[in-house]
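Here is what each chain is made of, one letter per residue.
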Number of protein chains: 2
Amino acid sequence: MNPELDKKLKSKNIRPTAMRQLVLQVLIDQNTAISLPELEQKFEKADKATLYRTLKTFEEKRLIHHIEDGTGAVKYALCHEKCNCHLEDLHVHFLCTKCNQTYCLDEIQIPDIKLPSDFLLESVNLVVKGICSNCKK
Amino acid sequence: MNPELDKKLKSKNIRPTAMRQLVLQVLIDQNTAISLPELEQKFEKADKATLYRTLKTFEEKRLIHHIEDGTGAVKYALCHEKCNCHLEDLHVHFLCTKCNQTYCLDEIQIPDIKLPSDFLLESVNLVVKGICSNCKK
DNA sequence: AAAGTTTGTGCAACTGAGTTGCAAAGTTAT
DNA sequence: ATAACTTTGCAACTCAGTTGCACAAACTTT
């Protein structure tokens, strides 16, 4: 029972069960986004449905956000401290086509999109594909 | 046997079979992108696998391009005349959260993305979600 | 035009991600 | 401690996408 994890969960109004602490630890250790199938593999013996619902809960409580990077599986990554995952918090995601890792590029702002005047903008999803710094070496 | 469809297929080096002409017609009639399951429903009795392979062929021969709009199903739309679906042809896609239709906003250019210097950019996928002009009425 | 080769189609079966119902186990409140 | 609610684990299922295989259709060669 790591008091740090405990605190983090509570601060987002998530009951800190053992399962949830383990999942949060994996998310922290990982510095790229992770999919449900990948998360499953991090555990010897874990139930897909439980992990699924854990991720859903985390997302609902805005501890993590999800990314559709076009790999077929939705990935999840920790939100940053002040992030509420609202329109103004949107950032670019980068998918490496070599190692298949997805990075949150928090420092890059999504540029303004000018839609046709009769379209109403709600959110923006920007995924850049390429080679990450690790794979370029 | 529509000679127009025939010509269009041949111009992209695709053998103009009856099946392919039918699929192409659907794609032309549609002014939004269409998914494989949606395409299936356009036919009384059509084989999923055949439609699947037809779309794959069309895409390979650059008659259509695919869009990952985060709805869970990949959608396909006709490429424009001179489009070769290379980096410079990339455009924004718009997903209406009311009617679930996906539009190609060809007129909107994807703004420049400045990646960290050790990342290599290959392609950009930008999906904007919101309400389309039809649903706003 | 017939024979042989290549390409396309239809069917069935399967994979893999995501999702749900339900009962047992765990947690919280009274 | 009991009751009420929440979380977990298991099984089963959905749905998009994909593949193998045999048959059909279309091209090629002679």
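Given the structure is predicted, the values throughout are model-derived calculations rather than measurements.

Q: Help me understand the protein's contact with DNA strand D in this model?
A: In the region of DNA strand D, 19 residues are neighbours, and T17 and R53 of chain A together with K48, Y52 and V74 of chain B sit closest. By atom count, sugar and phosphate contribute 66% of the portion of DNA strand D lying within 4 Å of the protein. In this structure, a phosphate oxygen belonging to DNA strand D sits 2.6 Å away from a side-chain N or O atom of Y52 of chain B. Here a base oxygen of DNA strand D sits 3.4 Å away from a polar atom, N or O, in the side chain of R53 of chain B. Elements represented by at least two residues in the surface near DNA strand D include exactly α2 (18–29) and α4 (48–60) of chain A together with α3 (36–41) and α4 (48–60) of chain B. Per-element tally for the surface near DNA strand D: the top contributor is α4 of chain B, with 5 residues.

Q: What's the story with the relation of the copies chain A and chain B in this structure? I'm lost.
A: Put simply, the two copies of the chain differ by a rotation about an axis and a shift along that axis. Relative to chain B, chain A is turned by 180° and slid 0.0 Å along the rotation axis, the superposed coordinates differing by an RMSD of 0.0 Å. Seen this way, the second copy is the image of the first under a two-fold rotation axis. Measuring from the rotation axis to each C-alpha of chain A, the shortest distance belongs to L126 of chain A, at 2.3 Å. Here 100% of the interface residues in chain A have copies in chain B that are interface residues too; the copies meet face to matching face.

Q: Explanation requested: the interface of chain A and chain B in the structure shown.
A: A common way to express how large an interface is: the accessible area buried when the components associate. Chain A puts 33 residues into the contact, and the matching count from chain B is 33 residues. The junction of chain A with chain B conceals about 2,700 Å² of combined surface from both sides, 63% of it contributed by carbon and sulfur atoms. Note that E68 of chain B and K129 of chain A form a salt bridge whose closest N and O atoms lie 3.7 Å from each other. At the junction of chain A with chain B, the criterion picks out 12 residue pairs in polar contact (both at pLDDT 80 or more). Only β5 (102–109), β6 (120–131) and α5 (133–136) of chain A provide two or more residues apiece to the side of chain A that touches chain B. It is β6 of chain A that contributes the most residues to the side of chain A that touches chain B, 12 residues altogether.

Calculation rules
- Residues numbered from 1 in each chain as written.
- Chains lettered and ligands numbered in written order.
- Predicted model: local features only at pLDDT ≥ 70, side-chain atom pairs only at ≥ 80, totals over all residues.
- Heavy atoms only, no water.
- Near = heavy atom within 4 Å.
- Polar contact = N/O pair within 3.5 Å; in protein donor to acceptor, adjacent residues only side chain to side chain.
- Helix = DSSP H or I, 4+ residues; strand = E, 2+ residues; numbered from the N terminus.
- Least-squares fit on C-alpha atoms with pLDDT ≥ 70 in both.
- Contact = heavy atoms within 4.5 Å.
- Buried area = accessible area lost by both parts, 1.4 Å probe.
- Salt bridge = Lys/Arg side-chain N within 4 Å of Asp/Glu carboxyl O.

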